[in-house]
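# Inside the fold
The chain contents come next:
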Amino acid sequence: MTTTLAPWPANLGLRRLFLKDMIVDAHIGVFPHEEGVSQKVRINVSFGVDDRRDLVEGADDLSRTVSYEHVVLLVRRIVAEGHIRLVETLAERIAAGVMQEKRVRVVRVMIEKLEVFAELDSVGVEIERWSEATA
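Residues numbered from 1 in each chain as written. Predicted model: local features only at pLDDT ≥ 70, side-chain atom pairs only at ≥ 80, totals over all residues. Heavy atoms only, no water.

### Examining the overall build of the protein
To keep things clear, this is the line we draw: Strands here mean DSSP runs of E at least two residues long; helices mean DSSP runs of H or I at least four residues long; both are numbered from the N terminus. Two residues qualify as a contact provided that any one of their heavy atoms is within 4.5 Å of a heavy atom in the partner residue. Reported accessibility uses the Shrake-Rupley method at a 1.4 Å probe radius. Residues are deemed covered only where the shown protein chains occlude them. For the charge count, each Lys or Arg is scored as positive and each Asp or Glu as negative, with His and the chain ends excluded. We put the charge of a Lys on NZ, of an Arg on CZ, of an Asp on CG and of a Glu on CD.
Each helix and strand in the protein was counted, giving two helices and four strands. Counting from the amino terminus, the protein carries its helices and strands in the arrangement β-β-α-α-β-β. Dimensions of the protein along its principal axes, counting C-alpha atoms only, are 55 × 25 × 25 Å. Across the protein, every contact between residues at least 6 apart in sequence was considered, and the portion connecting residues at least 24 apart equals 65%. With the model as given, the accessible surface of the protein reaches about 8,200 Å², and the carbon-plus-sulfur share is 51%. For the protein, the separation between the mean place of its 18 positive charges and that of its 22 negative charges on side chains is 4 Å.

Now the structure itself:
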């Protein structure tokens, strides 16, 4: 999961959580031959939650973080809702859903359509969204 975006600012106390290389069959695309068929899509989601930089070890408790399962289920639900024309739209919906978690300050979503061109591994988009409190 390589990002093309700049690193998050070092002065923010953020813990990075991620889903790496989630492969789903999605109904996605703008062309007639993409209607009614599914395509393999790789989804990467990386999100920063509040963290204290001076903390050596915090409480071993889920309240300090965001559940990976919640984000996996969110992605599955969005993909299952039906045909989406643009990978950008899929990325935006996932980012908006992740940002509903109050601890999340920033999210990056990368969507890649696989098997589109024989000579390429993938094509896609990467977006980043910040919470209003952080931006």
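### Focus on the pattern of salt bridges
This is how the line gets drawn: Whenever a carboxyl oxygen of Asp or Glu lies within 4 Å of a side-chain nitrogen of Lys or Arg, that contact is scored as a salt bridge. Each residue is placed in one exposure class: buried if its accessible area under a 1.4 Å probe, protein chains only, is under 20% of its type's maximum, exposed if it is over 50%, and partly exposed if it falls in between.
Per the stated rule, a full pass over the model turns up eight salt bridges. The partner of Asp-121 in a salt bridge is Arg-42, and the shortest N-O contact between them spans 2.9 Å. Of this pair, Asp-121 sits in the loop between strand S3 (104–114) and strand S4 (122–130) while Arg-42 sits in strand S2 (residues 39–50); the two residues are 79 residues apart in sequence, bridging distant segments of the chain. The class of Asp-121 is exposed, set by a relative accessible area of 56%. For the salt bridge of Glu-128 with Arg-108, the shortest nitrogen-to-oxygen distance reads 2.5 Å. On the criterion of sequence distance, the pair formed by Glu-128 in strand S4 and Arg-108 in strand S3 is long-range, its members being 20 residues apart. Counted as one network, the salt bridges with shared partners bring together Arg-42, Glu-112 and Asp-121.

### Re a nonpolar patch on the surface
Filter applied, for reference: Residues enter patches when their relative accessible area tops 30% and they take part in no salt bridge; the joining distance is 9 Å for like charges and 5 Å for the nonpolar side chains Val, Leu, Ile, Met, Phe, Trp and Tyr.
The grouping of Val-30, Phe-31 and Leu-86 at the surface amounts to a nonpolar patch, some 250 Å² of accessible area in total. In this fold, Phe-31 is placed in the loop between strand S1 (14–26) and S2. A relative accessible area of 48% means that Phe-31 is categorised as partly exposed.

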